[in-house]
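# Architecture and fold: a report
As a plain string of letters, each chain reads:
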Amino acid sequence: MADNRKYYYLKLKENFFDSDSIVLLEDMKDGILYSNILLKLYLKSLKNGGKLQLDEHIPYTAQMIATLTRHQIGTVERALEIFRQLGLVEQLDSGAFYMLSTGRRGTR
């Protein structure tokens, strides 16, 4: 039987959880929730080259991300702001969030 599904891969460095950004993130109140959200967002962005989008025209909103990650909207909004501050995500002019390499701004 043929398997017609597409598979996407996420490759993390073995020291991913030891990077400054992730250590600081997980040390925060609710930091483990934030790191869970971050990993889910990395996986969600694989199909779209790092962008968080439903399709090529509709970027995910914080509410959509909350629904898809099964976290509360307030937690997701705080997480996105922290991710921006740590250089883990940036918001593009289109409104889409773009997942950056761990702690590096502008790396695509």
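Parameters and conventions
- Residues numbered from 1 in each chain as written.
- Predicted model: local features only at pLDDT ≥ 70, side-chain atom pairs only at ≥ 80, totals over all residues.
- Heavy atoms only, no water.
- Phe/Tyr/Trp six-rings, centres within 6.5 Å; stacked < 30°, edge-to-face > 60°.
- Buried < 20%, exposed > 50% of the residue type's maximum accessible area, 1.4 Å probe, protein only.
- Core = buried A, V, L, I, M, F, W, Y, C linked by side-chain atoms within 4.5 Å.
- Helix = DSSP H or I, 4+ residues; strand = E, 2+ residues; numbered from the N terminus.
- Contact = heavy atoms within 4.5 Å.

### Section: the packing of aromatic side chains
- Per the stated rule, a full pass over the model turns up 2 aromatic pairs.
- Geometrically, the ring pair formed by Phe-16 and Phe-17 is edge-to-face, given 5.0 Å between the ring centres and 85° between the ring planes.
- Residue classification places Phe-16 among the buried residues on the basis of a relative accessible area of 6%.
- Taken together through their ring pairs, the aromatic side chains of Phe-16, Phe-17 and Tyr-42 make up a single cluster.

### Side note on the nonpolar core
- Of all hydrophobic cores here, the largest spans 23 residues; its most connected members are Leu-25, Leu-38, Leu-41, Ile-65, Leu-80 and Phe-83.
- Of all the secondary-structure elements, those providing two or more residues to this core are helix H1 (20–27), helix H2 (31–45), helix H3 (62–69), helix H4 (73–85) and strand E3 (97–99).
- If we skip the residues at most four places from it in the chain, Ile-65 touches Leu-41, Leu-52, Tyr-60, Val-76, Leu-80 and Phe-97.

### A look at the environment of Asn-48
- Along the chain, Asn-48 turns up in the loop between H2 and strand E1 (51–52).
- By relative accessible area, which is 26% here, Asn-48 ends up partly exposed.
- Expressed as a C-alpha distance, the spacing of Asn-48 and Tyr-98, which sit 50 residues apart in the sequence, is 9.5 Å.

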